[in-house]
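# Overview (structure and organization)
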Amino acid sequence: KAGTAAEPAVIAARDGLGSVTVDAAGAEEAIWVSGASFVRITGLRITGGAYHAFKVDHPSADVYIVDNVLFDNTHAGDAGGQYSAIKGCCLQQRTFVENNEIYETSCPSTNLQGVDCNGCKGWEVRNNRIHGILVGTTGGTAIQFKSGSADTIIENNVIWDSLVGINYGGFGNPQQWGGETFEHLRGIV
């Protein structure tokens, strides 16, 4: 359900961070935002996703993922799978990822990201602690925006124990997914 700028729809732990754990129990993601705008998700511990804790798709806009702990959302066990705690796709606009802790303790694939977007527009990733996004010595990117993403701001994050910290670009189709010529445009770190 969508909210408004003045009154966003809120999904929150009643008693604050850590009081509620959402276990996706192997579902593709624990929370999927698709078509809702002005949504705020806060104060949750999220685990057990097959591939993602959150997925945010177009035409959603103005989604706030704030003050959560996202961990161990790689339960599919697919060695060729693509895993990320937060996944955005295909012209989705204005998601704000702030003050979260994101980590993994194991992953069956080298295709692992903390925050990953294909064709996302106007995302802001601030003040997060991202760690453990590492698969041996061959995989793991803490924050990645690619496939025609644009106007991304990445600021004041603390990243450790990851193969790559921040990446603008990757392996995608910028024209198909983001309507752009290049993998990323106008990003600020």
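Refer to the structure printed above.
Notes on the structure follow.

### Quick word on the sheet that holds strand β1 (residues 9-12)
- Pairing is parallel across the open sheet formed by six strands, whose spatial order is β1-β4-β7-β10-β13-β17. A single partner strand is all that each edge strand has here, and the edge strands are β1 and β17 (153-155). Recorded for the sheet is a direction-independent mean angle of 5 degrees between the axes of neighbouring strands.

### Details of a nonpolar patch on the surface
- Residues Leu134, Leu163 and Val164 make up a contiguous nonpolar surface patch of about 200 Å² in total accessible area.
- Its location among the elements puts Leu163 in the loop between β18 (158-160) and β19 (164-168).
- In this structure Leu163 comes out as partly exposed when scored by relative accessible area, which is 41%.

### Thoughts on unusual backbone geometry
- For the peptide bond that leads from His58 to Pro59, omega is 10 degrees, which places it in the cis range.
- Mapped onto the fold, Pro59 is located in the loop between β6 (52-57) and β7 (61-66).
- Of note, the phi angle at Phe38 is positive, near 55 degrees, even though the residue is not glycine.
- Mapped onto the secondary structure, Phe38 falls in strand β4 (residues 37-42).
- With relative accessibility at 24%, the residue Phe38 sits in the partly exposed group.
- With a phi angle near 60 degrees, Cys90 is a residue other than glycine that sits in the positive phi range.
- Within the secondary structure layout, Cys90 lies in the loop between β9 (83-89) and β10 (93-98).

About the cut-offs
- Residues numbered from 1 in each chain as written.
- Predicted model: local features only at pLDDT ≥ 70, side-chain atom pairs only at ≥ 80, totals over all residues.
- Heavy atoms only, no water.
- Pairing = 2+ DSSP bridges.
- Helix = DSSP H or I, 4+ residues; strand = E, 2+ residues; numbered from the N terminus.
- Axes fitted to C-alpha atoms, helices over the stretch in contact; angles between N-to-C directions.
- Patch = residues over 30% accessible without salt bridge, like charges linked within 9 Å, V, L, I, M, F, W, Y side chains within 5 Å.
- Areas by Shrake-Rupley, 256 points an atom, 1.4 Å probe, with all protein chains shown as cover.
- Salt bridge = Lys/Arg side-chain N within 4 Å of Asp/Glu carboxyl O.
- Buried < 20%, exposed > 50% of the residue type's maximum accessible area, 1.4 Å probe, protein only.

Keep in mind these numbers describe shape, not what the thing actually does.
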